[in-house]
Amino acid sequence: MTKTALVTAGTAGIGLETALGLADAGFSVTVVGRNTGRGAQAVDRINATNPALPARFLPADLGSLDQVRALADRIAAEHAARGEPLTVLVNNVGAMFPERQTLDGIEASFVVNHLSPYLLTELLLPTLTAGAPSRIVNVTSSAVGLAKRSFDTVEPPGGYYGFHWYGRAKLANLAYTFDLATRLEGTGVSVFAADPGGAATDMTNGTMTDPKIVSPALRLLWPLVRRKFERSTSGPASLAARPSIVAATDTALAGRTGIVIGARAQPVAPLRAATDARVAQDVRRLSERHAPLTVS
C-alpha cells in the first residue's frame, strides 16, 4: 500500500525540502500552502524526485482555524473514500511577527505556531490511527529555551516581543507533542518533535534582523546574538529538513514515541519545561478553549 505524507507550509524552505526527502523515501506527498504559484512549483520539484508517486498541492491559509478545519475535513474524507492510510503528518508551519497581530481574534504567533498544528493534528487523529503505524512530526525551535513558561492565558503580561512570543508558542506546541505521545501510546501512532537548528529562510533573513523582536534586556546584546544566530543559520534548508525526514522515516524509530530529533538528526534530551505535566495541562486547556474540535 502507498505510504502517504502531508506537509504543512511545504511549498518552500524547510517544508519543501522535507517533502522532497519524503518523496525520495517513497511517499506520496501532499503539500499545503497559501500561494498556488509556489505550490505548483513545489509539486514540479517533488515529481521530478519521484515521478512514480505524483505529489499534489492543497491551498489553505493555516493562520485561519476555519481553513484548518476545512483542510482536515477534506483530507479525512479523501483518505476514507480511497481506503488509503495517512502515514505521516508533518506540522512544519511556523511564523514570527515583529509586531503584535491577531488571527481569528487570537494573538497570531500562538495561532500559527501552536493552535493551527494542534487543531489539524487532533482532527486527523482518526485518520492517522486508522492508518497505523503512522507518525506525527511537529517542527520545534531552539527559541523555546527563552520562552515564558506560564500558560494561564494566550497572551502573557508585558510588552510584545516577537522572538519571545514565537518561542512561547513553540514551547506550547512542544509540551503538546509530549502530552499527545503519552495519550497515543498503544495506538500505533508515534509522535516526534524535530528541531531544524538553523537555516537561511525567509524568517531568518527578514524578521530576525529586527532588534525590536526581543525584550529590551536582550536588545542590548542583540548585535552579538544576531551575529551568532546568522552563523548558525547560514546552512541550506535541505540540511535543516533532515531532523523532520528522519523523524518521519527512520526505521530505527519504529514503535518509539515522545522523542525530539535534534539539529544533527539524532535524538536529544527534551527541554524540561516541555515535559512538565502542569505546563501540558495549561496548554491543553488553552488549546481546547481557543481551538475547539467542534464548532456550533
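Provided above is the structure to which this section pertains.
Residues numbered from 1 in each chain as written. Predicted model: local features only at pLDDT ≥ 70, side-chain atom pairs only at ≥ 80, totals over all residues. Heavy atoms only, no water.

Let us now look at the pattern of salt bridges. For the structure on display, the rule yields 10 salt bridges. Across the pair Glu-78 and Arg-74 runs a salt bridge, and its minimum N-O distance is 2.9 Å. Taken together, the residues Glu-78 and Arg-74, both in helix α3 (residues 65-82) and four residues apart, mark about one turn of the helix. Owing to a relative accessible area of 18%, Glu-78 belongs among the buried residues under this scheme. Under the relative-accessibility criterion, Arg-74 is labelled partly exposed at 41%. We note a salt bridge from Arg-183 to Glu-122, for which the minimum N-O separation is 2.8 Å. One end of the pair, Arg-183, is in helix α5 (residues 162-183); the other, Glu-122, is in helix α4 (residues 108-130), and 61 residues separate them in sequence. On the accessibility criterion, Arg-183 (43% relative accessible area) is partly exposed. (Salt bridge = Lys/Arg side-chain N within 4 Å of Asp/Glu carboxyl O. Helix = DSSP H or I, 4+ residues; strand = E, 2+ residues; numbered from the N terminus. Buried < 20%, exposed > 50% of the residue type's maximum accessible area, 1.4 Å probe, protein only.)

The element strand β7 (residues 134-139) is extensively covered by neighbouring structure, given that six of its six residues are classed as buried. Residues Ser-134, Ile-136 and Asn-138 line one face of β7 and the alternating positions Arg-135, Val-137 and Val-139 line the opposite face, and both faces are buried. By the bridge criterion, four bridges tie strand β4 (residues 88-91) to β7 in an arrangement that is parallel. Looking at the pairing, Val-90 lines up with Val-137 of β7. The sheet contact formed by β7 and strand β8 (residues 189-194) spans six bridges and is parallel. Each bridged residue has a counterpart across the sheet, and for Val-139 the counterpart in β8 is Ala-194. Since β7 and β8 lie parallel, the crossover through α5 that links them has a hand, and here it is right-handed. (Pairing = 2+ DSSP bridges. Right-handed = clockwise from strand over helix to strand, strands pointing away.)

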